[in-house]
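Understanding the architecture of this molecule
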Amino acid sequence: MQFKTLYGPVRSGRLGLSLGVDLLGKRICSLDCIYCEVGPTRIHTLERRAYMPARTILEELRSWKSQGLPRPEFITLGGLGEPCLNLELEEIIIGSRTIFPDIPVAVLTNSTLLHDPAVRRELAATQVILPSLDTLVPSEFIKINKPCSGVTLDNITTGLLEFRERYAGRIFLEILLARGINDSEENLARLRDFIPRLKPDRVDVVTMTRPGASPLAKAVDEQTLIAWRTALRGTTKKEGIQQPASIQGQTQDLAQDLATDAQRELVLNSLRRRPQTIDQVREALGLDPAQTRAVFADLTAQGAIQHARELGEDFFQAAP
Ligand code: SF4
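In what follows, the accompanying structure is described. (Residues numbered from 1 in each chain as written. Predicted model: local features only at pLDDT ≥ 70, side-chain atom pairs only at ≥ 80, totals over all residues. Heavy atoms only, no water.)

1. Focus on the site of the ligand
Inspection of the region around the ligand gives Arg 27, Cys 29, Leu 31, Asp 32, Cys 33, Tyr 35, Cys 36, Thr 41, Gly 81 and Asn 110 as its neighbouring residues. Here the residues of the shell around the ligand are counted per class, giving 5 nonpolar, 3 polar and 2 charged. (Near = heavy atom within 4 Å. Nonpolar A, V, L, I, M, F, W, Y, C, P; charged D, E, K, R; others polar.)

Listed below in structure tokens is the structure:
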């Protein structure tokens, strides 16, 4: 079965081996971040609709399970835009937990819909949410995140704080720094005041590691990342986070049992969602190096994937 809504599993620094689920199907988002890996936003909106029907997503998850495809450590709802824009979010979360009762569900969100009580209620059934908050300086917010009409920093911070009050799961906050845009002292000072009120379980300060939507998005250097991480140390909840135990060995066995066609399909699916290096795909899918190179060579020869050198590394993505 060719999956329309599932991609990966990909190995992410924050969640381990994660099976991605696309809740949008198109580039639909309330923001248009200059660093977005999936390109410029096409539908810039706060309107919630069933952009990708829950029944399509749940059918694919059932099929993933019945085919015995690699078992992820997390099911991560996200995709080509902001997943909370999907009006059937709750059905998707409950359905995922029913199909895979022992795999936690995480949601990647840009935090712009958390001021809506319905969204906060729907997200309550997840185990982890990963909200992003790149800046608390309004002029920087406009530059880096390009919000659609109706999105304000006040709504975002109020929504995050109200969500934290009742949420029993874990919150992993992400701050992405772009050089010369939101790496200011003012932003750092505002975030240092705000984060202790939010009490996230973890804060990840990151920069671009893949090609983004705009050439204006430039990575900050390692020293800046270290300085920010040091300055924000101690702003999270005290108990910290236990990373899920790795099941890499198990995944590797499963992946090696797959037919070559299935491997090609898994790799292609993953590259349809975001550009990745050969090593990133190999590690996520648990393939051996020779298998991975063979699959990439095959897909390149067929014109199914394209290659570009960015940020000093070779990235591949599915041909349009
Ligand atoms: S919020 Fe996420 S999906 Fe939306 S534009 Fe920003 S990076 Fe892309």
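Okay, back to it.
2. Describing unusual backbone geometry
Note that the residue after Gly 8, namely Pro 9, is joined by a cis bond; omega there is 5°. Within the secondary structure, Pro 9 is located in strand E1 (residues 6-12). Residues other than glycine seldom take positive phi values, yet Ser 111 does so here, at roughly 75°. Looking at where Ser 111 falls in the secondary structure, it is placed in the loop between strand E6 (105-109) and helix H3 (117-123). Even without being a glycine, Lys 199 presents a positive backbone phi close to 50°. Summarising the element assignment, Lys 199 is placed in the loop between helix H6 (185-198) and strand E9 (202-207). (Helix = DSSP H or I, 4+ residues; strand = E, 2+ residues; numbered from the N terminus.)

3. A word on helix H7 (residues 222-232)
Residues of H7 that are buried: Leu 225, Trp 228 and Leu 232. The buried residues of H7 occupy an angular sector of 70° when projected down its axis, which confines them to one face. Away from its buried face by more than 90 degrees, H7 exposes Glu 222 and Gln 223. Along its buried surface, H7 packs onto strand E8 (170-177), H6 and E9. After H7 finishes, the residue Gly 234 shows a positive phi value of roughly 90°. (Buried < 20%, exposed > 50% of the residue type's maximum accessible area, 1.4 Å probe, protein only. Arc of directions from axis to C-beta. Contact = heavy atoms within 4.5 Å.)

4. Re the sheet that holds E1
A sheet is described by the order of its strands in space; here 7 strands give the open sequence E1-E2-E5-E6-E7-E8-E9, paired in mixed fashion. Strands with a single pairing partner mark the edges of an open sheet, and in this sheet they are E1 and E9. Here the strands of the sheet are splayed against their neighbours by 25° on average, with no regard to which way each runs. Of the pairings in the sheet, the one linking strand E2 (residues 16-22) to strand E5 (residues 74-78) comprises 5 bridges and is parallel in character. Note that in E5 the partner of Asp 22 across the bridge is Gly 78. Most of the contacts of helix H2 (residues 89-99) go to E5, to which it runs at about 165°, and overall it touches E5 and E6. Strands E1 and E2 of the sheet are contacted by helix H10 (residues 278-285), whose axis makes an angle of about 100° with E1. (Pairing = 2+ DSSP bridges. Axes fitted to C-alpha atoms, helices over the stretch in contact; angles between N-to-C directions.)

5. A closer look at the packing of aromatic side chains
The tally for this structure, following the rule as stated, stands at 3 aromatic pairs. Ring geometry for Phe 3 and Trp 64: centres 5.4 Å apart, planes at 55°, overall tilted. Of this pair, Phe 3 sits in the segment before E1 while Trp 64 sits in helix H1 (residues 54-66), and the two are 61 residues apart along the sequence. Looking at Phe 3, the relative accessible area reads 4%, which means it is buried. (Phe/Tyr/Trp six-rings, centres within 6.5 Å; stacked < 30°, edge-to-face > 60°.)

6. Section: the environment of Arg 229
Within the secondary structure, Arg 229 sits in helix H7. Residue class for Arg 229 comes out partly exposed when judged on its relative accessible area of 36%. Spatially, the C-alpha atom of Arg 229 lies 35 Å from that of Glu 47, the residues being 182 residues apart in sequence.

7. Some points on the side chain of Arg 120
You can see Arg 120 is positioned in helix H3. The class for Arg 120 is buried, based on a relative accessible area of 16%. Apart from the residues within four sequence positions on either side, Arg 120 is in contact with Leu 114, His 115, Gly 159, Glu 162 and Phe 163.

8. So, the environment of Cys 36
Tracing the chain through its elements places Cys 36 in the loop between strand E3 (28-29) and strand E4 (43-44). Residues Cys 36 and Ile 226, 190 residues apart in the sequence, show an inter-C-alpha distance of 23 Å.

9. Details of the nonpolar core
Ranked by internal contacts, the top residues of the largest apolar core, which has 85 residues, are Leu 77, Leu 123, Ile 175 and Val 267. Domain assignment of the residues forming this core places at least three in each of domain 1 (6-232) and domain 2 (248-318). Each residue touching Ile 175, except ones within four places of it in the same chain, is listed here: Leu 133, Asp 134, Leu 191, Ile 195, Val 203, Asp 204, Val 205, Val 206, Trp 228 and Leu 232. (Core = buried A, V, L, I, M, F, W, Y, C linked by side-chain atoms within 4.5 Å. Domains from an automatic or database assignment.)

10. Remarks on the state of the cysteines
All told, the structure shown has 0 disulfides when counted by the stated rule. Take Cys 84: it sits in no disulfide, and the sulfur closest to it among the cysteines is that of Cys 29, at 10 Å. Here Cys 84 falls in the buried class, since its relative accessible area comes to 0%. (Disulfide = S-S within 2.5 Å.)

11. With respect to the pattern of salt bridges
Summed over the entire model, instances satisfying the criterion amount to 8 salt bridges. In this structure, Arg 71 engages Asp 102 in a salt bridge whose closest nitrogen and oxygen atoms are separated by 3.2 Å. Taken together, the residues span a long stretch of sequence, with Arg 71 in the loop between H1 and E5 and Asp 102 in the loop between H2 and E6 at a distance of 31 residues. Classification of Arg 71 as partly exposed rests on a relative accessible area of 28%. In this structure Asp 102 comes out as exposed when scored by relative accessible area, which is 54%. For Glu 162, the salt bridge identified is with Arg 120, shortest N-O distance 2.9 Å. Placement of the pair is Glu 162 in helix H5 (residues 153-166) and Arg 120 in helix H3, with a sequence separation of 42 residues. Its relative accessible area of 37% is what places Glu 162 among the partly exposed residues. (Salt bridge = Lys/Arg side-chain N within 4 Å of Asp/Glu carboxyl O.)

In short, the description is geometric, and any link to function would need to be established separately.
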